[in-house]
Amino acid sequence: MRLEAAARMDLFRKLWKARKLIVVVFIPLSLLPLPLIHPTSEACCAYVLMVTAVYWVSEAVPLGAAALVPAFLYPLFGVLKSSEVAAEYCKDTTLLLMGVICLAASIEKWNLHKRIALRMVMIAGAKPGMLVLGFMCCTVFLSMWLSNTSTTAMVMPIAEAVLQQLICTGLADSHDDSETAEAPEDDSDKEENLDKNQLELLYRNDRYMCVQTAEVNGLGLRPVSNHGFIRHTNGHLPQVAIEIPNVKRVRARRDSQYPTKRDHMICKCLSLSITYAATIGGLITITGTSTNLIFAEQFNTRYPDAKVINFGTWFIFSFPIAIIMLVLTWLWLHFLFLGCNFRETCSLSKKRKTKREMLSERRIHEEYTKLGPISYPEVVTGVFFILMTLLWFTREPGFVPGWTSLFEKKGYRTDATVSVLLGFLLFLIPARRPFSSSSPSSCRDTDDDSESDPLAPMITWKDFQRLMPWEIVILVGGGYALAAGCKVSGLSVWIGRQLEPMSGLPPWAVTLLACLLVSAVTEFASNPATLTVFLPILSALSETLHINPLHTLIPSTMCVSFGVMLPVGNPPNAIVFSYGHVKISDMVKAGFGVNLIGVAVVMLAITTWGVPLFNLTEFPAWAVARNVTGSL
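Residues numbered from 1 in each chain as written. Predicted model: local features only at pLDDT ≥ 70, side-chain atom pairs only at ≥ 80, totals over all residues. Heavy atoms only, no water.

Draft legend 1. Region of interest: the side chain of Lys109. Secondary-structure assignment places Lys109 in helix α8 (residues 92-109). In this structure the side chain of Lys109 is engaged in a polar contact, spanning 2.9 Å, whose partner is the side chain of Asp463. (Helix = DSSP H or I, 4+ residues; strand = E, 2+ residues; numbered from the N terminus. Polar contact = N/O pair within 3.5 Å; in protein donor to acceptor, adjacent residues only side chain to side chain.)

Draft legend 2. Broad picture of the nonpolar core. Judged by nonpolar contacts, the single largest core of 122 residues is most densely connected at Phe135, Phe295, Phe299 and Leu550. By residue number, the principal contributor to this core is helix α14 (residues 311-338), which donates twelve residues. When neighbours within four sequence positions are excluded, Phe299 is seen to be in contact with Ala306, Val308, Ile309, Leu550, Leu553 and Trp622. One finds Ala46, Tyr47, Val79 and Ala481 within the second-largest nonpolar core, a separate group that totals 28 residues. (Core = buried A, V, L, I, M, F, W, Y, C linked by side-chain atoms within 4.5 Å. Buried < 20%, exposed > 50% of the residue type's maximum accessible area, 1.4 Å probe, protein only. Contact = heavy atoms within 4.5 Å.)

Draft legend 3. Expanded view of a nonpolar patch on the surface. A cluster of nonpolar residues, Met9, Leu11, Phe12, Leu15, Ile22 and Phe26, forms a patch on the protein surface that exposes about 580 Å² of accessible area. As for its placement among the helices and strands, Met9 is situated in helix α1 (residues 2-17). Accessibility expressed as a relative area gives 43% for Met9, which makes it partly exposed. (Patch = residues over 30% accessible without salt bridge, like charges linked within 9 Å, V, L, I, M, F, W, Y side chains within 5 Å. Areas by Shrake-Rupley, 256 points an atom, 1.4 Å probe, with all protein chains shown as cover. Salt bridge = Lys/Arg side-chain N within 4 Å of Asp/Glu carboxyl O.)

Draft legend 4. Here's a closer look at the packing of α8 against helix α18 (residues 415-426). Direction vectors running N to C along α8 and α18 enclose 35°, while the axes themselves pass 8 Å from each other. Remark: the crossing between α8 and α18 carries left-handed chirality. Residues Asp92, Leu95, Leu96, Gly99, Val100, Cys102, Leu103 and Ser106 of α8 form the contact with α18, whose participating residues are Asp415, Ala416, Ser419, Val420, Gly423 and Leu426. (Axes fitted to C-alpha atoms, helices over the stretch in contact; angles between N-to-C directions. Left-handed = near helix turned anticlockwise from the far one by under 90°.)

Draft legend 5. Here's a closer look at the environment of Glu361. Along the polypeptide, Glu361 turns up in helix α16 (residues 355-370). Between the C-alpha atoms of Glu361 and Met122, which are 239 residues apart in sequence, the distance is 7.2 Å.

Draft legend 6. Spotlight on unusual backbone geometry. Phi angles above zero are rare outside glycine, and His546 is one such case at about 55°. Residue position: His546 is located in the loop between α24 (527-545) and α25 (549-559). Despite not being glycine, Asn615 shows a phi value in the positive range, around 55°. Of note, Asn615 is situated in the loop between α28 (610-614) and α29 (621-631). A relative accessible area of 39% places Asn615 in the partly exposed class.

Draft legend 7. Broad picture of the packing of helix α10 (residues 128-143) against helix α12 (residues 261-282). At a minimum axis separation of 8 Å, α10 and α12 run at an interaxial angle of 25°. For the element pair α10 / α12, the angle class is roughly parallel. For the pair α10 and α12, the sense of crossing is right-handed. Contact residues: α10 offers Pro128, Leu131, Val132, Phe135, Met136, Thr139, Val140 and Ser143, while α12 offers Arg262, Ile266, Cys269, Leu270, Ser273, Ile274, Ala277, Ala278, Ile280, Gly281 and Gly282. (Parallel < 35°, antiparallel > 145°, perpendicular 65-115°, else oblique.)

Draft legend 8. Region of interest: the side chain of Arg413. Tracing the sequence through the fold places Arg413 in the loop between α17 (376-393) and α18. The buried category is assigned to Arg413, whose relative accessible area is 16%. Not counting the four nearest positions on each side in its chain, Arg413 is found in contact with Arg395, Trp403, Thr404 and Phe407.

Draft legend 9. Expanded view of the state of the cysteines. If you walk through the whole model with that rule in mind, you get zero disulfides. The cysteine Cys138 is free of any disulfide, with Cys137 supplying the nearest cysteine sulfur at 7.7 Å. We classify Cys138 as buried; its relative accessible area is 0%. (Disulfide = S-S within 2.5 Å.)

Draft legend 10. Representation of the confidence of the model for the protein chain. Averaged over all residues, the pLDDT of the protein chain equals 75, while 76% of them reach at least 70. Counted against residues more than four places away or in other chains, residues 441-449, with its pLDDT under 50, gives 14 contacts. Contacts for the low-pLDDT stretch residues 628-632, under 50 throughout, to residues beyond four places or in other chains number two contacts. (pLDDT = per-residue confidence, 0-100.)

Draft legend 11. Layout of the packing of aromatic side chains. Taken as a whole and judged by the stated rule, the model has 15 aromatic pairs. Measuring from centroid to centroid gives 5.1 Å for Phe315 and Phe319, while their planes differ by 20°, and the two rings are stacked. A residue pair is termed a helical-turn pair when its members lie 3 or 4 positions apart in one helix, as Phe315 and Phe319 do in helix α14 at four residues. Since its relative accessible area comes to 34%, Phe319 is described here as partly exposed. Their ring planes at 70° and their centres at 6.4 Å tell us that Phe427 and Phe464 sit as a pair that is edge-to-face. Note that Phe427 is positioned in the loop between α18 and α19 (448-452) and Phe464 in helix α20 (residues 461-467), a separation of 37 residues in sequence. On the basis of relative accessible area, Phe464 is assigned to the buried category, the value being 1%. (Phe/Tyr/Trp six-rings, centres within 6.5 Å; stacked < 30°, edge-to-face > 60°.)

Okay, here's the thing in structure tokens:
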């Protein structure tokens, strides 16, 4: 029996190790009867869609590789020609992303992101509540223009340096933690709230400079050196002079790397705030995250006559959402990890600063001083950043004629035109100030060639290549190919007809169900893959129910970014989790609240200021034309 059980367990282990290979082989074979028994365009397209979706959700193969499945299955099943599929893999949004990556490479290369982050933290101060809010604000700002993953990877090392400074000063000065810089506590306060069964014995560890606590339950401990304690034999505490700290605020354990539980809570709060802020910042702009780009391209492809989605309209709709979510998320994290004493954690008064907070502020100032004065490449990058934003906003603002009205032919210039133009110029403009012999010193990865070449550009192809997410580009292209196949084969119309029983629901209820479904699925599947699968279905549903497609598509696009409860939800979560300050239970507890906040705020937006902005009360003419064409 034991041998059989061992053999069975060994078989299970082998099957578990080969689970991805089993999925890759079993799923296409098990679904193959669908196109063979029903050899219609709809059935063939559904087969390709289901195989690709399972590959994406299970991640049995890399996302980029799974996105190539339509490239060979659509021609094999006669859904689309090979040339037609290939055209879907490079769209206008691909060029838009490439231009933004050029700017992001320049920002990272010349440390502009670090200067912005440290400056915002210096303004906020070192009080825990204000420190968290300061990091969240700078992360939101950076994530508007950089990818969420890049922003988190850039900001977390800065936050970690501040946290380590808090921990180190807390280990060395925990006794003074409750003392303010100008108003020390009375000595009588130090004796309050002592546990009768517990004495806090402090000693300085030469290696870690750490304050540790020994729990005493009838056992005597006496110090023998600076390195530890030995057991006393008489069963009573020896008569030695010891210093008793305020255990209400200092309660460290031998197995803890944090001086107090409160310090651990600060580390959790600050770490999680960065990943949530990166998600919030990515909502604000079309280029903030890949899911926004997927929505914009699929929407414009499906509804070419709808000229309603551009950088300006998206920003006007999403910016208030981000501000409300930022404040509510900060309040939720503060309540969850730091409590409700906002006066203590958010006071800007110098009289209420502790010694630890003053030392932390000094550390932040030292990090900022290391950057030196603002350099010429940083100025150029900042100018390009502002110029790109202004050109995006003023291209077609809607309420006034944009700069595209200066050209005779209309519709030729998009946000990608501006992005690629400015990104191309970064490869030409020298990184060294004209008529100056000094070399740019603020670059982290300056090559020897760029130091010797006075005409070395702001960025090189290596800088661009290092940040360019080619997997995301192919993934987005695979989504476009799937959408094109659903449209040509008529699968989207068939799906819409199956959803007709939902016609009795009001628009807000349909949108709420879509948001809850998408936000639940995206906790376990990648955000781009989830949105790519759901967009054609939700578009068909909206057309069938005669709801403005934007009423369901925009909220679903935003809610797909709320995969914040698990480390696998999105890469920023994994980056923050890798630093070791938070557990999965912490992420689930905090992320559940953030998820509810996000869905509630998005629903508020789409039913209030989203209605006049996108004219959501009417079934638009561009959707009517698409619906009539698809029904023929």
